[in-house]
Each structure stands twice: as structure tokens, then as C-alpha cells.
Amino acid sequence: MYEVIVIGAGPAGASAALFTAKAGKKTLLIDNDKGMTKRAWIENHYGVPEISGPELIETGLKQAKKQGAEVIQDSVVDISKNDDGFGLTTSGQQSYQAKNIILATGVLVELGEKLGIATIAGTEPRIKKIFKVDQAGKTNVEGIWAAGTCAGVSVHTIITAGDGAKVAINLISELNGERYVDHDVLK
């Protein structure tokens, strides 16, 4: 069983998986390789002069894997609540178990809606619905969190990446029972 499964490996999801894995939480990152960042050209990402969306995604996946996250390419088609957390089924007929889930599904909310996660009107142009989350990123379903565009933050990659990190830190803090901080220093 995974402590955390992150669904969606765009900037929000890969950032969340990077943090949970680095914190020692058994993490699986599942992505369908259809995110909108794959079509982006980015010149407004702090610390990066310019980068293509595919390059940004590849870098994020490498970082998450380096910290210990497992990464698979598949589509989650069903999530069900069970006694220990959640069961997930993919289009590839694989099943996974998780204690916690972070949804980083971009513009897609249907998967969460099937589980009863509350949605509200979107806040960005062309984003019709988003998950209703609290300031920490929690949804109304205990154990399910949401980050990035699906949680109502701006579609800009730097903002969704930061939101993924924020939600992951809040989840890690809850799991640890104290505020989690991750600051590396130069050696």
C-alpha cells in the first residue's frame, strides 16, 4: 500500500510527488500523459530563462523519481473508498491501494466527482469546474487532497507547481503530526 498516490504528473502533481517521496512517504505518481503543459512554451517561470512544457514535465518527473517516487503512465478510471484508504483502478487494469490521494488532474474533475468530491464553478477562463478545497488542499472526502488547476489555482506552471508543493507539505505535516519543513542547504 502506498502512503500517497498522486494522480497527474504536471507541475502540481510532480511537485507534490517530489515532496512526499523526499519526506520518506511511499509515493506513486500516475499520469496519462495528456496534460496541457505538454503543449506549453514557458518564459515566465522564475529561475528558468525559457523552457518547453515537455522539458518541464520531463525535469519534474526526473526529480520525483530521484527522490523515490514510483512513476507509471496510465489513466485512473476508478477510485473507491475502503477500510484502509482507497483502491484505484487504471485503464491498464492495474489496481493500487493508497492511504491518501492527491488529485492534480488539471482541468478534469469527473474522476473525483464519481467519488463524491464537491466541485464549484471554475475561477480561471475556460475552466468550468474545480474541486472545492480548504486552504490546506483538502477536499470534502477524508484522505483526498487536490492541487493545481483542478483545485482552483492559476493555470500558470509556476503557480501550480507551488500549489502541489504546498498541498504535499500540508499532507506530510498531517501524517507526521507536526509541521514539516524541507530546506536543503549548500554543502
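As a reminder, the structure under discussion sits directly above these lines.
The present account deals with the structure reproduced in this document. (Residues numbered from 1 in each chain as written. Predicted model: local features only at pLDDT ≥ 70, side-chain atom pairs only at ≥ 80, totals over all residues. Heavy atoms only, no water.)

1. Concerning the overall build of the chain
Within the chain, the regular secondary structure consists of four helices and 11 strands. For the chain, whose C-alpha radius of gyration is 15 Å, the value lies close to the compact-globule estimate of 16 Å for 187 residues. Across its three principal directions, the C-alpha atoms of the chain cover 45 × 45 × 35 Å. For the chain, with 187 residues in total, the buried portion stands at 47%. In the chain, the share of contacts with a sequence separation of at least 24, taken over all contacts with a separation of at least 6, comes to 54%. Total accessible area computed for the chain in this model is approximately 9,800 Å², and 51% of it derives from carbon and sulfur atoms. Considering the chain, the positive charge centre built from 20 side chains and the negative charge centre built from 22 side chains are found 1 Å apart. (Helix = DSSP H or I, 4+ residues; strand = E, 2+ residues; numbered from the N terminus. Rg over C-alpha atoms; globule rule 2.2 N^0.38 Å. Buried < 20%, exposed > 50% of the residue type's maximum accessible area, 1.4 Å probe, protein only. Contact = heavy atoms within 4.5 Å. Areas by Shrake-Rupley, 256 points an atom, 1.4 Å probe, with all protein chains shown as cover. Lys, Arg positive; Asp, Glu negative; His and termini not counted. Charge placed at Lys NZ, Arg CZ, Asp CG, Glu CD.)

2. A look at the packing of helix H1 (residues 11-22) against helix H2 (residues 53-66)
Where H1 contacts H2, the two axes come as close as 8 Å, and the packing angle between them is 15 degrees. By the angle between their directions, the pair H1 and H2 is classed as roughly parallel. As H1 packs across H2, the resulting crossing turns out to be left-handed. Contact residues: Pro11, Ala14, Ala17, Leu18 and Ala21 in H1; Leu56, Ile57, Gly60, Leu61, Gln63 and Ala64 in H2. Split by residue class, the contact of H1 with H2 holds nine nonpolar, two polar and no charged. (Axes fitted to C-alpha atoms, helices over the stretch in contact; angles between N-to-C directions. Parallel < 35°, antiparallel > 145°, perpendicular 65-115°, else oblique. Left-handed = near helix turned anticlockwise from the far one by under 90°. Nonpolar A, V, L, I, M, F, W, Y, C, P; charged D, E, K, R; others polar.)

3. A look at the packing of H1 against helix H4 (residues 157-176)
For the pair H1 and H4, the least separation of the axes is 7 Å and the interaxial angle reads 35 degrees. For the pair H1 and H4, the sense of crossing is right-handed. For the pair H1 and H4, the contacting residues are Pro11, Ala12, Ser15, Ala16, Phe19 and Thr20 in the first and Thr157, Thr160, Ala161, Gly164, Ala165, Ala168, Ile169 and Ile172 in the second. Considered class by class, the residues forming the contact of H1 with H4 number nine nonpolar, five polar and no charged.

4. Topic: the pattern of salt bridges
Pairing is possible between side chains that carry opposite charge, provided their charged atoms lie close to one another. Throughout the structure, instances matching the rule amount to seven salt bridges. A salt bridge links Lys62 to Glu58; the nearest nitrogen and oxygen atoms lie 3.1 Å apart. Here Glu58 and Lys62 lie together in helix H2, a separation of four residues that amounts to about one turn. Look at Lys62 and you get exposed, because its relative accessible area is 53%. In this structure, Asp163 and Lys166 form a salt bridge, with 3.3 Å as the shortest nitrogen-oxygen distance. Residue Asp163 and its partner Lys166 are located together in helix H4, separated by three residues, close to a single helical turn. Several salt bridges share partner residues, and in doing so they unite Lys22, Asp182 and Asp184 into one network. (Salt bridge = Lys/Arg side-chain N within 4 Å of Asp/Glu carboxyl O.)

5. Section: the side chain of Thr20
The residue Thr20 is located in helix H1 in this model. Those residues in contact with Thr20 that lie beyond four places of it in its chain are Val4, Lys25, Thr27, Ala168 and Ile172.

6. Digging into the packing of aromatic side chains
For the structure on display, the rule yields one aromatic pair. Above the ring of Tyr2, the side-chain terminus of Lys26 is found at 4.9 Å from the ring centroid. (Phe/Tyr/Trp six-rings, centres within 6.5 Å; stacked < 30°, edge-to-face > 60°. Lys NZ or Arg CZ within 6 Å of the ring centre and 35° of its normal.)

7. A look at the nonpolar core
Counting 26 residues, the largest nonpolar core has Val6, Ala17, Phe19, Leu29, Ala64 and Ile102 as the members making the most contacts within it. Counting only elements with at least two residues in this core, the list comes to strand E1 (2-7), H1, H2 and H4. The element that contributes the greatest number of residues to this core is H1, accounting for seven residues. Once you skip the residues sitting within four places of it in the chain, Val6 turns out to touch Gly13, Ala16, Ala17, Thr27, Leu28, Leu29, Ile30 and Ile102. Formed by 22 residues, the second largest nonpolar core is a distinct cluster that contains Ala98, Ile117, Cys150 and Ala151. (Core = buried A, V, L, I, M, F, W, Y, C linked by side-chain atoms within 4.5 Å.)

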